[in-house]
Amino acid sequence: MNGEPQQTDTQGKLRHFLSIEGFRREQLVQILDAAESFAMLPGRQVKKVPLLRGKIITNLFFENSTRTRTTFELAAKLLSADVINFNVNVSATSKGETLLDTLRNIEAMHSDMFVVRHHASGAAHFIAQHVAPGVSVINAGDGRHAHPTQAMLDMFTIRRHKGDFTPLRVAIVGDIQHSRVARSQIMALNILGVSEVRVVAPRTLLPADVRTLGVHVFHDLEQGIEDVDVIIMLRLQRERMDNALLPSAHEYFQLWGLTQERLQRARPDAIVMHPGPINRGVEITSEVADGPQSVILQQVSYGIAVRMAVMSMAMGNRSGDQGT
Amino acid sequence: MNGEPQQTDTQGKLRHFLSIEGFRREQLVQILDAAESFAMLPGRQVKKVPLLRGKIITNLFFENSTRTRTTFELAAKLLSADVINFNVNVSATSKGETLLDTLRNIEAMHSDMFVVRHHASGAAHFIAQHVAPGVSVINAGDGRHAHPTQAMLDMFTIRRHKGDFTPLRVAIVGDIQHSRVARSQIMALNILGVSEVRVVAPRTLLPADVRTLGVHVFHDLEQGIEDVDVIIMLRLQRERMDNALLPSAHEYFQLWGLTQERLQRARPDAIVMHPGPINRGVEITSEVADGPQSVILQQVSYGIAVRMAVMSMAMGNRSGDQGT
Amino acid sequence: MNGEPQQTDTQGKLRHFLSIEGFRREQLVQILDAAESFAMLPGRQVKKVPLLRGKIITNLFFENSTRTRTTFELAAKLLSADVINFNVNVSATSKGETLLDTLRNIEAMHSDMFVVRHHASGAAHFIAQHVAPGVSVINAGDGRHAHPTQAMLDMFTIRRHKGDFTPLRVAIVGDIQHSRVARSQIMALNILGVSEVRVVAPRTLLPADVRTLGVHVFHDLEQGIEDVDVIIMLRLQRERMDNALLPSAHEYFQLWGLTQERLQRARPDAIVMHPGPINRGVEITSEVADGPQSVILQQVSYGIAVRMAVMSMAMGNRSGDQGT
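The structure displayed is predicted, hence computed values, not measured ones.

(A) Broad picture of the sheet that holds strand E4 (residues 136-142) of chain A. Residue and element names in this part refer to chain A. The strand order across the open sheet built from four strands is E2-E1-E3-E4, with neighbouring strands paired in parallel fashion. The outermost strands of the open sheet, each flanked by one partner alone, are strand E2 (82-87) and E4. Geometrically, the sheet is characterised by an average inter-axis angle of 15 degrees between neighbouring strands, direction not taken into account. As paired strands, strand E1 (residues 56-61) and strand E3 (residues 113-118) are joined by five bridges and run parallel to one another. By the bridge assignment for E3, Phe 61 is matched with Arg 117.

Okay, here's the thing in structure tokens:
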């Protein structure tokens with residue numbers, strides 16, 4: 001158990017889902033295929049399935065995120081699991097307990113799965129290293145490191161609209177440096193074998209190691225989205241502007257906002273994605289966000305299917321291990 | 001879907017419950033009859049029923065109200081539904097997302113029903129206009145506009161004690177102007193055909209359009225409750241006093257507080273209601289609140305039965321629509 | 001129903017669990033035996049059991065404690081009950097409602113069981129006096145008075161490691177005066193018939209009536225733990241130091257911190273317990289807390305089994321009463 005926790009068991013089955021890194025193409029495709037079976041058809045209600053009946057899933061959120069927490073809670077309940085929401089902000093940590101003690105206590109509570117969100121990079125890995133053998137950990141966002149289920153729901157959305165990944169050009173636009181989503185997306189796109197991944201961002205919002213990520217870098221929005229099939233807009237954290245990394249929202253929009261006019265530069269059938277919540281008139285206009293090329297709302301809906309897929313695969317695997 | 005959302009389908013079956021307005025007498029009676037089957041007998045425990053098994057109900061509260069939220073959660077769980085509590089105060093809205101984006105995201109999450117509470121009048125209607133065809137919306141209080149399940153539990157309480165609505169005189173006492181409950185009660189009482197609805201309030205706490213609501217107005221408590229069968233006390237919002245709409249709590253009590261002595265003016269078998277929480281010694285004395293004519297605690301208990309009725313009728317209808 | 005509420009019915013079966021006081025040895029042993037059937041074996045997952053299917057349990061917390069609340073929620077869900085979390089801090093009380101009104105309202109909501117935590121001593125008893133005949137109340141900590149399920153999980157931990165209580169010497173170390181856990185532990189240990197209960201504390205942290213509790217008092221840590229079989233460390237509330245009842249954390253540790261060296265004074269097979277969260281380097285060193293004699297994490301795990309035992313016994317009894 002020393003070092004990096006294994007995300008899959010010796011037969012290659014999913015146990016934890018901490019980071020896109022380390023997965024092979026077939027494994028990611030397997031998750032997408034599983035999500036397909038849970039995906040909601042328009043006009044048809046989600047059906048509850050008994051796959052995780054009798055299991056306890058704990059949402060372990062060290063960072064407030066009602067939206068993400070609710071999506072995981074909904075996915076878990078649709079799988080018939082019981083859900084416990086453990087918001088650690090208001091809990092023991094504030095009494096002076098160390099993170100390690102909190103972890104050990106949580107482990108002693110014997111949940112079947114922990115969905116973890118934490119402001120520190122590596123937190124989900126750390127927790128995965130400490131849980132009991134039968135327990136799964138899903139990373140719901142750790143610092144600037146990874147947000148793998150968000151990346152997978154984006155891959156699912158792309159596949160639903162584009163079918164094959166191979167010929168695609170994909171542009172990721174915005175604050176790459178502070179985005180755990182962007183890191184996970186870049187990895188997933190490269191593993192899935194797209195033709196080209198572009199990052200489009202001002203120099204102040206690019207990580208130092210950006211060239212090592214297997215991307216083409218653009219510092220101009222119109223050039224960056226030229227002829228792409230998919231545009232992934234990142235959410236702009238307004239606090240970056242206070243840090244003087246960015247000019248005002250208005251100036252940002254002048255240079256980096258996606259307008260209907262700029263969107264003409266992409267392929268005519270290009271889709272526009274955004275993880276939400278949207279800052280309308282900052283990173284994207286309402287015309288584009290609500291327009292025919294936007295698939296933003298489908299992302300939310302697919303997010304539940306993808307989370308159901310990851311959760312049921314991780315738990316199914318565990319049961320298999322134990323012969324239950 | 002333009003304009004006002006329909007609360008019933010083409011066969012007159014309940015789909016949303018947003019406002020008392022627009023319902024016919026038979027429809028309100030049907031809700032009361034359904035609630036009767038869920039009503040708890042004294043000394044007997046509530047029984048859980050499987051009517052909404054497999055359904056997901058989301059409590060979508062833009063305004064904090066643990067008590068109301070808990071009552072709906074209990075009703076939903078007694079119907080065997082799964083419940084997700086989504087408190088939007090601490091969620092995406094605070095990140096700068098528009099209400100419309102929040103709504104669309106919530107819609108994409110595909111709950112079967114949303115119980116909505118919002119500080120703005122019309123919010124539940126607005127949400128009902130945007131949800132998918134199969135989804136129901138229950139208004140759990142919107143601004144000063146409506147709180148229809150609260151009004152219906154009051155009607156249920158009245159019917160339990162008085163039987164027939166036709167001969168009744170009912171007085172609603174207190175801050176009519178700011179009360180969404182009062183507006184819903186006045187409508188329900190008139191639709192159910194009571195003999196007389198009176199509103200009893202200081203001039204500063206009456207809405208400008210009060211005469212159009214089908215009520216008799218009194219500015220004196222003792223005259224207002226003379227010979228009535230039912231007294232509904234409203235809760236006094238203490239913040240009204242800060243706004244100079246009201247004198248001190250002590251002065252208010254002198255003029256408007258319901259005492260045992262004043263209660264003599266009503267019919268000997270009159271019942272006293274209050275939605276809670278009570279400000280003892282402000283709008284009502286403890287002697288009256290805890291006395292033999294008070295039915296305040298029964299209101300809470302009946303509230304669960306009424307909410308079970310509304311929820312199961314709205315969902316039952318939905319299933320019927322889809323042939324499931 | 002006047003005066004003290006009965007924790008057991010006329011046949012001696014558990015109904016409420018408010019305080020260790022008043023229970024006979026066989027009754028406490030019966031709880032420990034029931035917990036044994038729920039206790040988790042290492043490497044084996046907890047199994048959900050249908051004992052409380054269809055029951056509604058309300059966590060009624062007037063004081064924030066995510067950890068305790070979560071443990072009860074987990075225990076309830078493993079028993080297949082539905083759980084409603086009612087945090088009264090943010091609820092009606094803040095609107096000026098009296099505690100009695102809150103209680104009556106809660107009673108009208110007809111839960112099957114209330115798990116109560118309150119900052120005032122006696123709150124759980126008060127609530128137990130007011131609930132309907134079929135309803136159970138579990139005390140999850142009231143002021144400085146009692147925390148009986150915590151004490152019982154400590155007894156369970158001791159029995160698991162030591163078997164027979166009769167020959168044991170047990171030392172409770174730390175802030176006895178402000179500890180509801182210590183009071184409950186002392187009673188339970190004496191009822192279970194241990195050989196000797198010691199309290200080890202500075203004079204400022206001992207209650208005035210300490211000699212009446214059936215304990216031996218020590219004002220020196222090394223003498224106090226000499227030859228004991230069990231050391232129960234209490235958590236130090238840092239706010240005591242602000243009150244000038246205590247010197248700094250560093251000085252406290254010099255005199256009262258449990259180090260590996262001091263631990264030598266106890267019996268070689270002595271176990272070390274702590275309710276958590278731990279202040280490492282204040283009341284205990286990491287070496288001891290994580291060392292081979294520490295059973296701290298097992299306490300958490302056993303806590304779920306003990307709470308499942310108490311909850312199912314209290315409810316089972318209730319069903320029996322009503323012939324259901």
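The rest of the description comes next.
(B) Spatial organisation of the confidence of the model for chain A. Residues and elements named next belong to chain A. Of all residues in chain A, 88% have pLDDT values of 70 or greater, and the mean over the chain is 87. A low-confidence stretch, residues 90-94 (pLDDT under 50), is modelled with 10 contacts involving residues beyond four sequence positions or located in other chains. Note that residues 317-324 has pLDDT below 50 and, in this model, 11 contacts with residues that lie over four places away or in other chains.

(C) Expanded view of the UniProt feature "binding site: carbamoyl phosphate" (unreviewed entry) in chain A. Residues and elements named next belong to chain A. The sites that UniProt annotates as "binding site: carbamoyl phosphate" (unreviewed entry) are Arg 67, Thr 68, Arg 117, His 147, Gln 150, Gly 276 and Pro 277. Position of Thr 68 among the secondary structure elements: in helix H2 (residues 66-78). Look at Thr 68 and you get buried, because 24 C-beta atoms sit within 10 Å. Contacts of Thr 68, omitting those with residues within four sequence positions, involve Arg 117, Ala 140 and Gly 141. With respect to the secondary-structure elements, Pro 277 resides in the loop between strand E9 (271-273) and helix H11 (286-289).

(D) Main features of the pairing of strand E6 (residues 196-200) of chain A. All names here are of chain A. For E6, the buried fraction is high: four of the five residues fall into the buried class. One ladder, built from five bridges, connects strand E5 (residues 169-173) with E6; its direction is parallel. Looking at E6, one finds that Arg 169 is bridged to Glu 196. With helix H6 (residues 180-191) bridging E5 and the parallel E6, this β-α-β connection has right-handed handedness. Examined bridge by bridge, E6 and strand E7 (residues 216-218) share three bridges and lie parallel to one another.

(E) Region of interest: the sheet that holds strand E3 (residues 113-118) of chain B. Residues and elements named next belong to chain B. Ordered in space as E2-E1-E3-E4, the four strands form an open sheet in which the pairing is parallel. Each edge of the open sheet carries a strand with a single partner, namely strand E2 (82-87) and strand E4 (136-142). Adjacent strand axes in the sheet meet at a mean angle of 15 degrees when their direction is disregarded. For E3 and E4, the ladder comprises five bridges, and the chain directions are parallel. Each residue of the ladder has a partner; that of Val 116, found in E4, is Asn 139.

(F) Main features of the environment of Lys 77 of chain C. All names here are of chain C. Looking at the secondary structure, you find Lys 77 in helix H2 (residues 66-78). On the neighbour-count criterion, Lys 77 (19 C-beta atoms within 10 Å) is partly exposed. Considering only alpha carbons, one finds Lys 77 and Leu 52, 25 residues apart in sequence, at a separation of 8.7 Å.

(G) Highlighting the environment of Val 228 of chain A. Residue and element names in this part refer to chain A. Relative to the helices and strands, Val 228 is located in the loop between helix H7 (221-224) and strand E8 (230-233). What makes Val 228 buried here is the crowd of 24 C-beta atoms within 10 Å. It is 9.1 Å that separates the C-alpha atoms of Val 228 and Arg 198, two residues lying 30 residues apart in sequence. Setting aside residues up to four positions removed in sequence, Val 228 forms contacts with Arg 169, Val 170, Ala 171, Arg 198, Ala 266, Arg 267 and Ala 270.

(H) Examining the packing of helix H1 (residues 25-38) of chain B against helix H5 (residues 148-162) of chain B more closely. All names here are of chain B. It is at 10 Å that the axes of H1 and H5 come closest, and there the two elements cross at 70 degrees. Classified by the angle between their axes, H1 and H5 sit roughly perpendicular to one another. Within the contact between the two elements, H1 uses Leu 28, Ile 31, Leu 32 and Ala 35 and H5 uses Met 152, Met 155, Phe 156 and Arg 159. Residue composition of the contact of H1 with H5, grouped by class: seven nonpolar, no polar and one charged.

(I) Structural detail: unusual backbone geometry. Residues and elements named next belong to chain A. Backbone torsion omega between Gly 276 and Pro 277 reads -15 degrees, so that peptide bond is classified as cis. Phi at Ser 80 takes a positive value of approximately 70 degrees, unusual for a residue other than glycine. Looking at the element boundaries, Ser 80 is found in the loop between H2 and E2. Look at Ser 80 and you get partly exposed, because 16 C-beta atoms sit within 10 Å.

Here is what the cut-offs are and how they apply
- Residues numbered from 1 in each chain as written.
- Chains lettered and ligands numbered in written order.
- Predicted model: local features only at pLDDT ≥ 70, side-chain atom pairs only at ≥ 80, totals over all residues.
- Pairing = 2+ DSSP bridges.
- Helix = DSSP H or I, 4+ residues; strand = E, 2+ residues; numbered from the N terminus.
- Axes fitted to C-alpha atoms, helices over the stretch in contact; angles between N-to-C directions.
- pLDDT = per-residue confidence, 0-100.
- Contact = placed C-beta atoms within 7 Å.
- UniProt positions renumbered as here; feature names shortened; annotations may be inferred.
- Buried ≥ 20, exposed ≤ 12 C-beta atoms within 10 Å, placed from the backbone.
- Right-handed = clockwise from strand over helix to strand, strands pointing away.
- Parallel < 35°, antiparallel > 145°, perpendicular 65-115°, else oblique.
- Nonpolar A, V, L, I, M, F, W, Y, C, P; charged D, E, K, R; others polar.

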